Every structure is written in C-alpha cells, then in structure tokens.
Amino acid sequence: MTPLRWRFLIIAAMVVAAVWAVYPPQEKVHLGLDLKGGIHLVLQVNSGEAVAAKVESDVETVRALLTDNSIPFGDLASEGEDRIRVTGLDAEGRSRLDALLDENLPVYNRGSAADDLILTLDTFESQAIRRAAVQQSLQTIHTRVDAYGVAGPIIQQQGFGPDANRILIQLPGVEDPETVIDVFRRQAFLEWKLVVYPPGVTDFRAWDGFSDRQTLIDAFGGTLPSGVEIYPEKRAVGLDDRQITVWWPLTKASPIKGNDLKNAQRGQGQFGEANIAFTLTATAGRVFENLTRENVGRKMAILLDKEVLTAPVINSVIPGNGVLEGNYTVESADILALQLKSGALPASLDVLEQRTVGPSLGMDSIRKGVYAAILGLVMVMIFMLVYYKLSGINAVVALLLNLLLVLAIMSSMGATLTLPGIAGFILTIGMAVDANVLIFERIKEELRNGKSVRAAVEGGFGKAVSAIVDSNVTTLIAAVFLFQYGTGPIRGFAITLMVGILASMVTALFVSRTIFMAVLSGRTGQERLSI
Amino acid sequence: MEILRPTHIDFLGKRYILFAVSGIALAVSLWALGNGINKGIDFAGGTEIQVKFAEAPELDTLRRQLNDLGMGDVSLQSIGAVEDHEFLIRIGSQQEAGVAAAQEREEADTQPVPPPPEADDLDDQVDGRAETPDSASIPDPGPIPGVLPEEPVAREGEQTRVYHAVLEVLRNYSGVDTRGARTDLNMANVHEMALLLAAGPGGEPQAGTLATAIAGYRRDHAGLFLSFSDLDQVEGMTPEARTYLEANTVLGPFTIRRVEFVGPQIGGELAWKAKLGMGLALAGMLLYITIRFRNLGFALGGIIALIHDGIIAAGIYDLWGGQFDLILVAAILTLLGYSINDTIVIFDRVRENTRLMRGSDTLTIFNTSINQTLSRTLLTSMTTLLVVVSLFLFGGQTIHGFAFLLMLGIIVGTYSTIFIASPVAILYGQWMESRKVSTRHQVPAIAVTGGKRHRSKGRPAGRS
C-alpha cells in the first residue's frame, strides 16, 4: 500500500474509534453537575471535637484513678481541646498519680503550671484521633448517602497533611439540597446525661429547667460547678406551637452515648405518631440499668447533637432499650433512625461550600451552549469556505473531525463536560482553525514566491510546524495550570481545552495534510490550487 | 480570496507613540482595578440564589423586603432577557467575625512558636463559658459566666439560614401559602409529587412514573408551570390526575433555579489559588519561550505583552461592570494562552528570517516578519472572535462575562502582539548589546549582532 493509503486507513480507524467512543452521546458523554443539576458540597470535619471528646472521657478516667486510690485533689477539668488540669494535689498525691498515669494514660505529657498538674494529650495521638475522625466521617457519610439512595455520588477526602479534614460530596440529579444535606450533616450523636439540680431544689420530679440562661447560672450562685454544662431544649408550647427554649444544667460527662446504640428504627407511639425505638448494646444496657437504679425519682436528659430532646423522670429501672419521642413525621423519623443506625459522626461538619444547580437551569445551559457552539461552528465553516474556497473544505473536514475527536477522547477518559467546558469546546473551534490558517497562509506565500503547487504545500506544512507546536504548547501550559488550580466546572474547561489543543494538532498536521496529498496525487504538475 | 495583499507597513516605526497609548490604557485599567473590583461569591464568600418568576415582580418592594432581613448587603439584579423574569439575589457573607478569626489563625500559623490559639466556638456556646486560650503560660481557667451567647446553638449552617430567610421573603411577597396546606407544584421535588399522587386517583402504581414525567416536563420548560393546562402536555397525564392535582396543589409564582454558597474560608483560598495559577502559568510560558527561542528578550516581550493584555482586558471588563469570579479567572488564563499564540507565530518567523535575511538589521527583520504573518494574525483573531461573539450573544448568562473578557482579550491581544511584544524584544536586544559595548569596549553593529544572535541558537540564552 502507498503511504497515502496508510494515512487514510489510520484516519478511518480514528473516525470509527471516535464514533464508537461517543455513540450514543446521552450515555457516553458525562455531564457535569452544572449541566445535569445536582449538589456540590465541601464539608469540613471539625475534628478537634473528637480530640476534645477523647480528653473529656479521660477526665473521668483520671477522676476514677484519684477517687479509687483516695488521692486528695481540688478540682479536675478539661481545658482547651487537649488538656486536663488537676488542682490541689500535694507532693505525695502527685507522685502516686504519676505512677498511675504511667500505667493507665501514657498518651498524656505531664507538666505543671503554678501548683497544678497539666496533662497534655500527645500530638501524635491527637493527630491520629483527628485522622480517624475524618475517616469515620467519610464512612458514615457513605453509609448515609447509600441508604438514602443517590445514584452515582462522589465522596472524597480533600486537603493535605494535617489539614486533610475536608470532604467533597457531589450528588448528581438531586433536586432538594436541604433534606439531603441534613441527612448526612446531622451528627446524630445521642447522649444521656443526668440533670444536676441547683441548690435549693427539693421536688426533683417537678423541676423543669429554666427559661433563661442567666437565671440558671444565678441559681448556682453565679458560677457553674465543675463538670456541669448548660444545654438547651426547644419546646413547642401552647395551641399555636410557639417555640420556646428551656435550659438544663446537666453533667458534662455522658454515661451513655450514641456509639452504644445497637439498633434504631421507626416505631409508633400510642396515638399513632412516629417515634424511634432504640436498643443499646449489652454493656451499655447494663450501665443504663445501674444508672437508672441509682437515680430513680430524678430526671435524665436525652440529647441529640447537644440539644435536649426530652428530660423524663426515671420512674423505675430501665433496661437497655427505649423510645425517642419528639415531633417526628414518618419521613423525619425514618431519616433519624437511618442516621442513628449508620453511627454518629465523630465531630460536627461545617458547610464550606455548597453549589446547587436545578435541573431546569442545567437543561437551559445545555441548550444555549449547544446553540452557541453550532452557530459558532457554522460561522467559522462559512468563513473558511469563502476565504479558502476548495481548500476551505479541507479545513472544514479537519475541524469536524477535531470536534469528534475531542468528544471521543473526553468520553473515553471519563471526563465530565461542564458549562465552561462547552465554552472551551467552542473556543477549540476557533483555535483549531488557527493551525489550518497558519498552514494555508504559508502555502499562499510559497505560491506567491513562484513555487509549484506541490512544493508550496510541502513548504507550507513544513514551515508552519514549529509555529503550530510552539503556540499550542504555550496554550497547553496555561491549561495545565488552570486544571491544577481550578475547581469543578473550571477543571472541566481546562480538560476540554487541553484535549482540544492536542486534537487540533493531529487534525491540522496529519488529516489536512493527507487531504492535500490526496488532492495532489491524481494529477502531476498541477498548475493551480484553489486556496 | 485575499483580504490582505502582502503588506509593507512600518509597524515598529511608531513604537514609542504606541507605547504611550498602551501606557495610558494600562494606567486607566490599573486605576479601575485598584479602585476595587466587583468580586463574585467565589472570592468574596456569601450566598447567591437564582430565582425565576412567572410574572415580572415588583422589584422595589422585593428589594426592600430582602433588605429588611438584616443580612447586610443584599443585591437583587435581573439576569438574562427581561421577559425571562429571572433574578439573582446575592447576600454577602454572614461570618465577618469568622473571617477575622480565620485570618488571625492564619497569621499565627506563619509563626511557628507559640502554637496558635484555638478558639472552639461551638464549645463556647455549649459550655456557657469561654475556653481558656491555649497559650504557653496557661492562665487560671475560671469559668466566665458573664459572656454568654443569648441564642441556643445555631446548628444549621449559614447557607441554610440564608436560603430559608430568602425563601420566606419570596413566599410572603408572592402570597403563596407557606404553611403547606397545598403542595407548590413549582417547588416540589419528585419524591413529594409521588407521595401526593399516590394518594390520588391513579394510586400508588403510576405515581412514581407520573411524578417523574411531571418533573421532566418542568425541567424542560424553565422549571415553571405557568398554568394547570400545561399539565395536559405531560406524558401519561390522565384527566383524573389533572383534576386531582389542580385541587390539591398550587402553582407557585416562582422557582429556585440555583443556590450557591461559598464560605469565607473557601473564598480566600480560591482567590489565592487563582493568583497562584496565573502567576505560575506566566512563569511556565516564560520558561518555555526562553528555552525554545534561546532568547530571554523574546520571552520578556511575550510575557510583558501578556501582562499588558491581561491588565487591560480585566480593566475594561471592570469598567463595564463585570463581576470577577472563578469563570473569569478561567477566561483570563485562556486569554493568556491564546494571546501568546500570535506572538509566537511572529517570533517563529523572526527566527526563520534571521537566518534568511542575514545582514538586515533587527528592526527590518521584525517588520518583515510582522508583515508576512499579518494576514494569519488577523484571520485567526477573526475566526476566534466569531465563535466568542456567538458565545457572548447566545451562550447564556453564566458564560456572558467569560465571553466578554475573551472578546476584549482577543482584540487587545492582537494589538499587543504587533505593537508590544516585538518592540520589547528589540529593546531588550539593544539594551543587551549596549551593555556588551560598554563593558567589553567592542563595537559590533546591531545589524550584525542581530544575525549573530540568532545564529547562536544552540547556545544558552544568557550568553546570546
């Protein structure tokens, strides 16, 4: 076979492969969220909370060590995120505690401030806790998104090193961001805490919190005792369901936590209202039993994400299961049960970025983008045909093939087409003919210099190559940085641009040239070239 | 067909006049940009809600009601065609304090010791007492009951709060029953519609399919049903279902098409990344041209022309009232990549002509090269302009600014290729020669060195 035949064979193979990669476009071309509609979310895991929670539980360990070994001390409390302060230790107590800590809590570095003992959680340990918190959040979000039933979600960790506490979530085709975000953003951290009654309260059963925070603090004499915290409860009162907030003084420590939950599911109350039935694990069930036994006649608060749901009186010993009641609909009860079952998030999540595009806007964008693309394409084709006459056909063929190649490469790479991507696609049309213009102008110049048609075509291609390569590489450099530092749709644009540049080099230098060779091959010593 | 016969224009003869023109344009642009740019939420943070009304709303009333939310700067502007009744509501970031704290933390991060203080806001609110700052001395941690946040913990994020507040205003404004006695067919999602239909005449079996069909029709018609008769065109719609829907739903007078929220932290990062990306792209191109042409003068000429293009295009865009967001950064980077093309084509020709026209002076070689490539420069700019104009006119709101900046950029870029890049390259060459002359006391004519310089292609740039 002649080289020309080989060239045509390669081009034919390229076209077949490209068509195969693109067809049918509805399935093969991946649309970005801005075209398909959906939610793009960046969440931050407040992983410091997980460290604080660990320190909080270790405070109780230290307390147990001190009391079990009858070491006298003043006060004991967590401080900041990663420290515990013990006051009022004498020298002997200090050395005994040191020995106990060596054995029981070796992950704390010990230091002193004034006469107090300061325990600081080791940096490696706290970083490990942070990392674990992010991993657990990822997993929990995965579970919840899967359970909720979103097709083709993307859930990724973002960021580097110790700051890798971000989670990117993309949910295509989801219309209703508020519900969905709530599903996986809610920490779903269930806790049980005992009510700490202010001095002077005698009727433990009837006491019902304070409607004002300051009054509560005043009731304790202006300062809360250590180990006590204030938590709000939102209540709907009256016939019009007016919202009020009640404040409760509760123990800082939570004897029972969401992690101790074995199962949770939607149930039905006596009036048919939705509630959530839960079962605790065996161990936690025993703790719960003991706790209720010791505190019969007092109130115990059930908290969800640091907010009091209810604070019922303990009437009798309760084994390890119960019911959460609240103002639940069937749907919200289902969601909460799902959240509780999938496990609590180890820390709260902040929304750093949220972009929601409705499906109708995406549809509009596609329509307008495609319209602008076709119009631009047609205008460029007409221009090339008018300006370069028959050689313009060559450029038009190259252009169409270029577009096909871009789509094919993007589909087979699995790259997504975004709205800026469509813009990049359109821009590619303008830039792709640039290579042809360069070559054609060069051929014209050679013809003017009196070269034969064949020599002029040879010379035109040969001399234009360096300019085409250099200019395309520089554009490629810009596109690479665009890709590196862009997000979402912008990356889509950068990819389209890069693919477009590469494809245009192939079509201009190989396909166009082949067409010229074919045109010139039949006739020897052709006098004229329509250009 | 030829627009341009071979030309012999002395492009470089008037270079000082054109330097002055460019200087003025640069000064005006820098002044405009320095006066503060209209940052989009990508960089400034905040919330953007795109809403489409069925009928033209009373803008002044709506604007007043939005401002009454007390959420700071609220802007309401029409986008797209007037008859689309489409508006963009923009609300600034609600976390000014948060920004300050984040910045403080960042500043502290740059100094390795002492460790940055970590304010744990959530704990503060829950504990009811301020956390002790984490400093080296560790002061006494007494609870401070005086500083208490009044409100219960705000568990919902800013984006939810702002979105619901705006939604409430829109509903109040339009008089739609917000208490949900009847479902708003223009706001309901597929799930809600399916639930509603399941209780209707068709019952459970068809509810899912019909709900999907209704949502599909709505998607294809700009997200709004204007009247119940539109429902007849939905595939699979039965008269019973339509009557049922008409009785049990309302057609709200607006729909939310897009909601974007960018937190202040992300905004700052995106802005930094954008600057870094542009800087690195410029550096990358500088390096590539230097290596490929073995001539720092060419690289400088190209890069100075690029900076010139970027600043003037962005300056005019700013004066036009355009908004700076991520897409615009993409436009500027594209412009940089595109604009350098022209310059490289000319430089490529200069490189070639230096070999062919040995004995001519640098100025002549450049002038000849520019003239020889002039038709190509103009033709390419024209074809690209054709598609960009098409994008500008018909591409839709999102890429309107993008297309406009590119339009400006292509025009400015074509100019700078001829009138900035080449003269700078020549000036650099002359300057290097004059330095050589003064240091080495040699007297090589520029004419000769011009040729020599490019013959020495194989040698590193620094020695040319």
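Computed from a prediction, not measured in an experiment: that's the story for all the values here.

Novice: Where do I start with the overall build of chain B in this structure?
Specialist: In terms of regular secondary structure, chain B is built from 15 helices and six strands. Burial status across chain B gives 50% buried among its 464 residues. Sequence separation of 24 or more characterises 74% of the internal contacts of chain B that already satisfy a separation of 6 or more. Entry remark: accessible area of chain B is about 21300 Å², with carbon and sulfur atoms responsible for 58%.

Novice: Please clarify how the overall build of chain A should be interpreted in this entry.
Specialist: Helix and strand counts for chain A stand at 14 helices and 19 strands. Relative to the 2.2 N^0.38 estimate, which gives 24 Å for 531 residues, the radius of gyration of chain A is 35 Å and therefore markedly larger than a compact globule would have. Over its C-alpha atoms, taken along the principal directions, chain A stretches across nearly 115 × 60 × 40 Å. In chain A, the proportion of contacts linking residues at least 24 apart, taken out of those at least 6 apart, comes to 69%. For chain A, the exposed area adds up to about 22500 Å²; of that, 57% sits on carbon and sulfur atoms. Looking at charge distribution, chain A has the averaged site of its 47 positive side-chain charges lying 12 Å from that of its 54 negative ones.

Novice: Any chance you could explain the domain arrangement of chain A here in plain terms?
Specialist: In many analyses, interface size is given as the accessible surface area lost on bringing the parts together. Residues and elements named next belong to chain A. Split into domains, chain A comes out as domain 1 (3-36 + 358-520), domain 2 (49-124) and domain 3 (190-354). Here the C-alpha centroids of domain 2 and domain 3 sit 28 Å apart. With eight residues of domain 2 in contact, the opposing surface of domain 3 contributes seven residues. A combined buried area of about 530 Å² lies between domain 2 and domain 3, and 46% of that area is made up of carbon and sulfur atoms. Interface area lost by domain 2 to domain 3 is led by Glu49, Ala50 and Glu56, which between them contribute 54%. Viewed at the interface, domain 3 and domain 2 are joined by one salt bridge. For the salt bridge of Lys252 with Glu56, the shortest nitrogen-to-oxygen distance reads 3.7 Å. Summed over the shared surface of domain 2 and domain 3, the result is two residue pairs in polar contact (both at pLDDT 80 or more). Listed by contribution, the elements that provide at least two residues to the side of domain 2 that touches domain 3 are α4 (48-68) and β3 (76-79). Per-element tally for the side of domain 2 that touches domain 3: the top contributor is α4, with five residues.

Novice: Is there a simple way to explain the domain arrangement of chain B in this structure?
Specialist: Residues and elements named next belong to chain B. On domain assignment, one finds that chain B holds domain 1 (15-40 + 263-438) and domain 2 (46-262). Contact residues are listed per partner, giving nine residues for domain 1 and nine residues for domain 2. Contact with domain 2 buries area across many residues of domain 1, yet Gly263, Pro264 and Gln397 alone supply 66% of it, more than any other trio. There are zero salt bridges connecting domain 1 and domain 2. There are three residue pairs in polar contact (both at pLDDT 80 or more) connecting domain 1 and domain 2. For the side of domain 1 that touches domain 2, the residue count by class is two nonpolar, six polar and one charged.

Novice: Help me out: how do you make sense of the packing of helix α11 (residues 359-413) of chain A against helix α8 (residues 204-220) of chain B in this one?
Specialist: One can describe the packing of α11(A) onto α8(B) by two numbers: an axis separation of 7 Å at closest approach and a directional angle of 45 degrees. By the angle between their directions, the pair α11(A) and α8(B) is classed as oblique. Helix-helix and strand crossings are classified by hand; for α11(A) and α8(B) the assignment is right-handed. Of the residues in α8(B), those in contact with A:Pro359, A:Ser360, A:Met363 and A:Arg367 of α11(A) are B:Arg218, B:Arg219 and B:Asp220. Residues belonging to the contact of α11(A) with α8(B) are distributed by class as follows: two nonpolar, one polar and four charged.

Novice: What exactly am I supposed to notice about the pairing of strand β5 (residues 108-113) of chain A here?
Specialist: Residue and element names in this part refer to chain A. Alignment of β5 against strand β6 (residues 116-121), held across six bridges, turns out to be antiparallel. Across the sheet, the residue bridging to Ser112 is Leu117, located in β6. Hairpin remark: β5 followed by β6, antiparallel, with two residues in the connecting loop; positive phi at Ala114, about 55 degrees.

Novice: Where do I start with the pattern of salt bridges in this structure?
Specialist: A side chain with one charge can pair with a side chain of the opposite charge if their charged atoms come near. For the structure on display, the rule yields 43 salt bridges over all chains. A salt bridge links A:Asp58 to A:Lys54, with the shortest nitrogen-to-oxygen separation between them at 3.2 Å. In this pair, A:Asp58 and A:Lys54 are both assigned in helix α4, four residues apart and thus about one turn of the helix distant. In this structure A:Asp58 comes out as buried when scored by relative accessible area, which is 5%. A relative accessible area of 26% means that A:Lys54 is categorised as partly exposed. A cluster of three or more residues bridged by salt bridges with shared partners is formed by A:Glu353, A:Arg355, B:Asp42, B:Glu48, B:Arg258 and B:Glu260.

Novice: What exactly am I supposed to notice about the interface of chain A and chain B here?
Specialist: Taken residue by residue, the interface counts 103 residues in chain A and 106 residues in chain B. Joining chain A to chain B, the criterion identifies nine salt bridges. For the salt bridge of B:Arg292 with A:Asp470, the shortest nitrogen-to-oxygen distance reads 2.5 Å. Where chain A touches chain B, the interface holds 24 residue pairs in polar contact (both at pLDDT 80 or more).

Novice: Please explain the sheet that holds strand β4 (residues 83-86) of chain A as it appears in this structure.
Specialist: All names here are of chain A. What the four strands build is an open sheet, ordered β3-β4-β6-β5; its pairing is antiparallel. Every other strand in the sheet has two partners, leaving β3 and β5 as the edge strands with one partner each. Each strand of the sheet is rotated relative to its neighbour by a mean of 25 degrees, with strand direction disregarded.

Novice: Is there a simple way to think about the nonpolar core in this case?
Specialist: Across soluble globular proteins, you tend to see nonpolar side chains buried next to one another. Of all hydrophobic cores here, the largest spans 143 residues; its most connected members are A:Ile443, B:Met285 and B:Phe402. Ranked by residues supplied to this core, first place goes to α11(A) with 18 residues. Not counting residues up to four positions away in its chain, the partners in contact with B:Phe402 are A:Ala423, A:Phe493, B:Ile327, B:Ala330, B:Ala331 and B:Leu391.

Novice: In this structure, what is going on with the environment of B:Ala247? I would like to understand it.
Specialist: Locating B:Ala247 in the fold gives a position in helix α9 (residues 239-248). Look at B:Ala247 and you get partly exposed, because its relative accessible area is 48%.

Cut-off values and rules
Residues numbered from 1 in each chain as written. Chains lettered and ligands numbered in written order. Predicted model: local features only at pLDDT ≥ 70, side-chain atom pairs only at ≥ 80, totals over all residues. Heavy atoms only, no water. Helix = DSSP H or I, 4+ residues; strand = E, 2+ residues; numbered from the N terminus. Buried < 20%, exposed > 50% of the residue type's maximum accessible area, 1.4 Å probe, protein only. Contact = heavy atoms within 4.5 Å. Areas by Shrake-Rupley, 256 points an atom, 1.4 Å probe, with all protein chains shown as cover. Rg over C-alpha atoms; globule rule 2.2 N^0.38 Å. Lys, Arg positive; Asp, Glu negative; His and termini not counted. Charge placed at Lys NZ, Arg CZ, Asp CG, Glu CD. Domains from an automatic or database assignment. Buried area = accessible area lost by both parts, 1.4 Å probe. Salt bridge = Lys/Arg side-chain N within 4 Å of Asp/Glu carboxyl O. Polar contact = N/O pair within 3.5 Å; in protein donor to acceptor, adjacent residues only side chain to side chain. Nonpolar A, V, L, I, M, F, W, Y, C, P; charged D, E, K, R; others polar. Axes fitted to C-alpha atoms, helices over the stretch in contact; angles between N-to-C directions. Parallel < 35°, antiparallel > 145°, perpendicular 65-115°, else oblique. Left-handed = near helix turned anticlockwise from the far one by under 90°. Pairing = 2+ DSSP bridges. Core = buried A, V, L, I, M, F, W, Y, C linked by side-chain atoms within 4.5 Å.

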